[in-house]
Structures are given as C-alpha cells and as structure tokens.
Amino acid sequence: MVTPHLGPEMCNRSVACKLRLSSPIRNRRVAGMASHEEQERDHDRPDPPVDARVTEQVEISAEVAEVWASFVEPGALGGWLGSAVDLELRPGAMGTVVEEDGTVRRVEVDDVRVGAAGCGVRWRWTGPDQSWSTVDVTLTPGSGSGVTVVRVVETRDAFPGGPKEAVAALAARPRGWRGRLLGLELRHLRVPLCVSIG
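No experiment lies behind these values; they were computed from the predicted model shown. (Residues numbered from 1 in each chain as written. Predicted model: local features only at pLDDT ≥ 70, side-chain atom pairs only at ≥ 80, totals over all residues. Heavy atoms only, no water.)

A. Expanded view of the confidence of the model for the chain. When the pLDDT values of the chain are averaged, the result is 76; 61% of them are 70 or greater. The low-confidence segment residues 1-32 (pLDDT under 50) makes 22 contacts with residues lying over four places distant or belonging to another chain. (pLDDT = per-residue confidence, 0-100. Contact = heavy atoms within 4.5 Å.)

Here's what the structure looks like:
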C-alpha cells in the first residue's frame, strides 16, 4: 500500500483550515514562524475578558425561613455580615456595614425576593477603596430535608487596572465571603445538649 506524501505546505494548510486561521497567516502561524509584526500585534492584544466576580456557596442545616431570619430580623445581620450593621433589607434602603478591621461600607439595597422557590437580596456596597460592587445572595432549598443552599455572587464594578485586578481585590478583602458564610452557618449549627446526671 502506498501512502500519498503531502508536502509541508499541504500539511500546514490542512491543519490551519481545521483551526480556521485566516489564510494570510495560516502557514506561518501553524508552523510557528509568525513574522515580527504578527508577534508584536499578538503581544499587544489584551488578555481575554475575565469576570470580576467572586462566587461562594454553603449548605446550612436549617430551613430557608430560618436562614432568611438571619437576614431580616433586627440586629441579625450584625452577627455574621460585619461587626456592626445598620441596614434594613428593603428595596431602596441605605445603610452601613462595619467590618471587623474598622472598614465602613456604604450599602444600597436594590432588590429583595421572597417566594416559594426561595429568598434573595441584591445590594451594592463600597469596598475599602470606596469602589462599588454588587452582591447577590440567594437562599434555596437544598437536596436534603431541612437544608438551605446560600449562594453569594459579588461582582466588582469598573476597576482601574482591569478585571484580573478586580478579582484579586475582591479575594483580598479582610473578611471575604467564606468567613461571612461560616459566621452565618455557625448561627444555625445545632449541637446536641448532653447532660450528665450523676
């Protein structure tokens, strides 16, 4: 059996066509022989967009209504969201959250959702550098009975330096969402009471 021989030009063209590269740069790009101008142009291209978003999720062993009470009962937010919270969760409300390190965040509530499928709230708040981000918190029934899934998505608004820096800034905040959600989870921890009679 004779195998047809394809020259390098034909191989490059067939690979480049599969990669859908434009015809003028097809062979040089596939062969790794891009011109100096093409290399400079590729080097100056910005990185692909990255969401300036942080997402955290936790399952809490409590009904949705019980966990939602940690959002709406007077004084309940101060137990897990910050060391001091002056905020009422209703659309249009404004308030403050004071972090454990003393950082004061201004907060504006955009939306509050309560329904059969779960609950949620969306607010905008300032960071330590006074830039704004949007926080969307949803509470939905979990897979087991008496389990609530709390999901937080914080999206940073425009940030000097670009989206990668914005994500890094969100992650570097003193008490991130993991710490806050741990505080929320601890509020609903059910520890059996053991009494020794003796």
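This is not the end of the story, as more comes after the structure.
B. Region of interest: the packing of aromatic side chains. All chains considered together, the criterion is met by five aromatic pairs. Look at Phe71 and Trp80: their rings are 5.0 Å apart centre to centre, the planes differ by 65 degrees, and that puts the pair in the edge-to-face class. Consider the rings of Trp123 and Trp125, whose centres lie 5.7 Å apart with planes at 65 degrees: the pair is edge-to-face. Residues Trp123 and Trp125 agree in their burial class; the two are buried. Aromatic rings pair up to connect Trp68, Phe71 and Trp80 into one cluster. (Phe/Tyr/Trp six-rings, centres within 6.5 Å; stacked < 30°, edge-to-face > 60°. Buried < 20%, exposed > 50% of the residue type's maximum accessible area, 1.4 Å probe, protein only.)

C. Up close: the pairing of strand β5 (residues 118-126). Counting buried positions along β5 gives seven out of nine residues, so the element sits mostly inside the fold. As defined by bridge partners, strand β4 (residues 104-115) adjoins β5 across eight bridges and the pair is classed as antiparallel. Among the inter-strand pairings, Val112 is bridged to a residue of β5, identified as Val121. Here β4 folds back onto β5, and the loop between the two strands holds two residues. Relative to strand β6 (residues 132-141), β5 runs antiparallel, the two sharing eight bridges. (Helix = DSSP H or I, 4+ residues; strand = E, 2+ residues; numbered from the N terminus. Pairing = 2+ DSSP bridges.)

D. Geometry of helix α4 (residues 64-72). When α4 is considered as a whole, its buried residues turn out to be Val64, Val67, Trp68, Ala69, Ser70 and Phe71. On the buried face of α4, the contacting elements are β1 (53-60), β4, β5, β6, β7 (148-156) and α6 (177-187).

E. View of the side chain of Ser70. Mapped onto the fold, Ser70 is located in helix α4. Of note is the side chain of Ser70, whose polar atom sits 3.5 Å from the side chain of Arg187. Excluding residues that lie within four positions of it along the chain, Ser70 makes contacts with Ala76, Leu77, Trp80, Leu184, Arg187 and His188. (Polar contact = N/O pair within 3.5 Å; in protein donor to acceptor, adjacent residues only side chain to side chain.)

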